[in-house]
Every structure is written in C-alpha cells, then in structure tokens.
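Here is how the chains run, residue by residue.
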Amino acid sequence: MIASFGIARALVVAFAVAALTPASAQTPSPDGAKVYFINLKDGAEVDSPFLVQFGLSGMGVAPAGVEKPNTGHHHLLIDTTMTPEQMKEPIPADDNHKHFGGGQTEAMVTLSKGQHTLQLLLGDWTHIPHVPPVMSEPITITVR
Ligand SMILES: [Cu+2]
C-alpha cells in the first residue's frame, strides 16, 4: 500500500506539472500584428556590416523582462529556421538567433560574403514566440 500511495502521489505531481507548463506559457498576439524588414527586400545586395531596421505594426516594443500585453522584442534569425517545438520555447541565443532585448528597432549586422537568409521573429518578455507567432517572411540577401 505504501508503494501504490507513492505512485498515486507521483501521478498527481505529474498532472499538476502538465497543467502548468504547456499552452499557458505562451503570450497571445493581437489579430493582424506583423513584423517586417523596413529597409531590406528579398534579393537585396549589401556591403557588410549593414543596417537592418525592424518594423512592427499592431503591437509595441518592450524590453525583455517587461511583461506588458501586446508587446514583445525583436529577434533576427540568420541562416536558420525554427522548428514547431522551438516556437513554444525561449528563442535560442547564438550566432543564428540574435536578441534585441533592449527594445532596439534596428541593428548593424556583420555577415560573411555570399547569400544569407534573414527572418524577424517577435518574442515575449521571456523570449518565447507569441501565439499566433509574429514572424516575417524569410528574405534572402547577398553580401558583396
Ligand atoms: Cu529575446
């Protein structure tokens, strides 16, 4: 009986954790919100370093760590895509996933010569993409 009591307790804990973690961890985005590249078009040719300006409509920019409805901060995805699983978690921070947690709306970007893909993705105050995600179309640019 002691053993089965332990199992029952473990199940209760497992259910409690399952109820807290999924969907509820993500922040909703308002209808029609979008991010876009202001100064770069698909197929653009640039010299590195180059300026990337982040456009956002239907939402506001807030720094990371500040929880406020209908806000987020910009992320620049470079030569990468996000898996469905990654879209539910904090966006990685590395050379392919740049965070602008200070609330920046533009950045100078240094990339090697050749073709690169760029995509903007808004993240909430904990760096998790919104539901539905606020993400630009990917663009391909060429660094001369
Ligand atoms: Cu972030």
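Residues numbered from 1 in each chain as written. Predicted model: local features only at pLDDT ≥ 70, side-chain atom pairs only at ≥ 80, totals over all residues. Heavy atoms only, no water.

Tetrahedral coordination by four donors sets the ideal angle at the metal to 109.5 degrees; octahedral coordination by six donors sets it to 90 or 180 degrees. Summarising the metal site, the copper ion is bound by the protein donors His-73 (NE2), His-75 (NE2), His-99 (ND1) and His-127 (ND1), whose distances to it range over 2.0 to 2.1 Å. Note that the copper ion binds four donor atoms; their angles at the metal cover 91 to 153°, and the shape is irregular. (Donors = N, O, S within 2.8 Å, 3.2 Å for Na, K, Ca; no water. Tetrahedral: all angles 85-135°; square planar, octahedral: opposite > 155°, others 65-115°.)

Now for unusual backbone geometry. Residues Ser-48 and Pro-49 are joined by a peptide bond in cis, for which omega reads -5°. Here the residue pair Val-131 and Pro-132 is connected by a cis peptide bond, since its omega of -10° sits within 30 degrees of zero. Locating Pro-132 in the fold gives a position in the loop between β8 (114-123) and β9 (139-143). You will see that Asn-70, though not glycine, has its phi angle at about 60°, which is positive. Position of Asn-70 relative to the elements: it lies in the loop between β4 (60-61) and β5 (71-78). Using a relative accessible area of 37% as the deciding quantity, one classes Asn-70 as partly exposed. Phi at Asp-79 is positive, roughly 55°, even though this residue is not glycine. (Helix = DSSP H or I, 4+ residues; strand = E, 2+ residues; numbered from the N terminus. Buried < 20%, exposed > 50% of the residue type's maximum accessible area, 1.4 Å probe, protein only.)

Next up on the list: the packing of aromatic side chains. The tally for this structure, following the rule as stated, stands at one aromatic pair. Ring geometry for Phe-54 and Phe-100: centres 4.9 Å apart, planes at 50°, overall tilted. With Phe-54 in strand β3 (residues 50-57) and Phe-100 in the loop between β6 (97-99) and β7 (106-109), this pair connects stretches of sequence that are 46 residues apart. Like Phe-100, Phe-54 is buried. Here Lys-34 stacks its cationic end above the ring of Tyr-36, 5.4 Å away from the centre of that ring. (Phe/Tyr/Trp six-rings, centres within 6.5 Å; stacked < 30°, edge-to-face > 60°. Lys NZ or Arg CZ within 6 Å of the ring centre and 35° of its normal.)

Taken in spatial order, the three strands of this open sheet run β1-β3-β7, and their pairing is antiparallel. Each end of this open sheet is capped by a strand with a single partner; those strands are β1 (34-37) and β7. Each strand of the sheet is rotated relative to its neighbour by a mean of 25°, with strand direction disregarded. Here four bridges tie β3 to β7, and the two strands are oriented antiparallel to one another. Of the residues in β7, the one forming a bridge with Val-52 is Ala-107. (Pairing = 2+ DSSP bridges. Axes fitted to C-alpha atoms, helices over the stretch in contact; angles between N-to-C directions.)

Moving on: the pattern of salt bridges. If you walk through the whole model with that rule in mind, you get three salt bridges. With a closest N to O distance of 3.6 Å, Glu-45 and Arg-144 form a salt bridge. Here Glu-45, found in strand β2 (residues 45-46), pairs with Arg-144, found in the segment after β9; they are 99 residues apart in sequence, far enough to count as distant. Exposure remark for Arg-144: the relative accessible area of 46% places this residue in the partly exposed category. With a shortest N-O distance of 3.2 Å, Arg-144 and Asp-47 are connected by a salt bridge. Linking Arg-144 in the segment after β9 with Asp-47 in the loop between β2 and β3, this pair joins segments that are 97 residues apart in sequence. Taking relative accessible area as the criterion, Asp-47 reaches 47% and is therefore assigned partly exposed. (Salt bridge = Lys/Arg side-chain N within 4 Å of Asp/Glu carboxyl O.)

Moving on to the nonpolar core. Formed by 24 residues in total, the largest nonpolar core has its most connected members in Phe-37, Leu-40, Phe-50, Leu-76, Leu-118 and Ile-141. By residue number, the principal contributor to this core is β3, which donates four residues. Apart from residues no more than four positions distant in its own chain, Phe-50 is found in contact with Leu-40, Ala-107, Met-108, Val-109, Leu-111, Leu-118, Ile-141 and Val-143. In this structure, Leu-77, Met-82, Met-87 and Leu-121 belong to the second largest nonpolar core, which totals five residues. (Core = buried A, V, L, I, M, F, W, Y, C linked by side-chain atoms within 4.5 Å. Contact = heavy atoms within 4.5 Å.)

Any functional reading would require information that these geometric values do not contain.
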